[in-house]
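# Observations on chain architecture
Take a look at the letters that make up each chain.
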Amino acid sequence: LECESKEGVTLADLEWIHKHKTASLLKVSVAAGAVLAGATPEEIAACDSFAEKIGLAFQITDDILDVTATSDEMGKTTGKDENSNKTTYVK
């Protein structure tokens, strides 16, 4: 939250935010599935890395679509990030 509406936020700052928000939700879900399936520690680590990358890709895509897609296409209101001066990958 401290990066919202703030100038000079770096890509590293934004990646940190999304690794600890969007990507973390996916990492927990994927890791839980791996553990329940009896994965080895190495397999769990690979799943963790995969989920983090998917989480960042999801957030980048969501940021782009918030600017380029219509509300009808998205099934949700678009343009909210810009209207609230939210720090995004597009910005």
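Everything in this summary refers to the structure shown in the same document. (Residues numbered from 1 in each chain as written. Predicted model: local features only at pLDDT ≥ 70, side-chain atom pairs only at ≥ 80, totals over all residues. Heavy atoms only, no water.)

## Describing the overall build of the protein chain
The helix and strand tally for the protein chain stands at five helices and zero strands. Sequence-ordered secondary structure for the protein chain, helices as α and strands as β, is α-α-α-α-α. Viewed in the frame of its principal axes, the protein chain has a C-alpha envelope of about 45 × 35 × 15 Å. Taking all 91 residues of the protein chain together, the buried fraction comes to 24%. (Helix = DSSP H or I, 4+ residues; strand = E, 2+ residues; numbered from the N terminus. Buried < 20%, exposed > 50% of the residue type's maximum accessible area, 1.4 Å probe, protein only.)

## Section: the environment of V67
Within the secondary structure layout, V67 lies in helix α3 (residues 41–68). When the C-alpha positions of V67 and A34 are compared, they lie 35 Å apart, and in sequence the two are 33 residues distant.

## What to know about the side chain of Q59
With respect to the helices, strands and loops of the structure, Q59 is situated in helix α3. When its relative accessible area of 5% is taken as the criterion, Q59 is described as buried.

## Digging into a nonpolar patch on the surface
A cluster of nonpolar side chains, I60, I64, V67 and V90, forms an exposed patch at the surface whose accessible area comes to about 300 Å². Assignment of secondary structure puts V90 in the segment after α5 (80–83). (Patch = residues over 30% accessible without salt bridge, like charges linked within 9 Å, V, L, I, M, F, W, Y side chains within 5 Å. Areas by Shrake-Rupley, 256 points an atom, 1.4 Å probe, with all protein chains shown as cover. Salt bridge = Lys/Arg side-chain N within 4 Å of Asp/Glu carboxyl O.)

## What about the side chain of T78?
Mapping T78 onto the fold places it in the loop between α4 (71–74) and α5. We classify T78 as buried; its relative accessible area is 17%. With sequence-adjacent residues up to four places away left out, T78 is seen in contact with L65, D66, A69, T70 and S71. (Contact = heavy atoms within 4.5 Å.)

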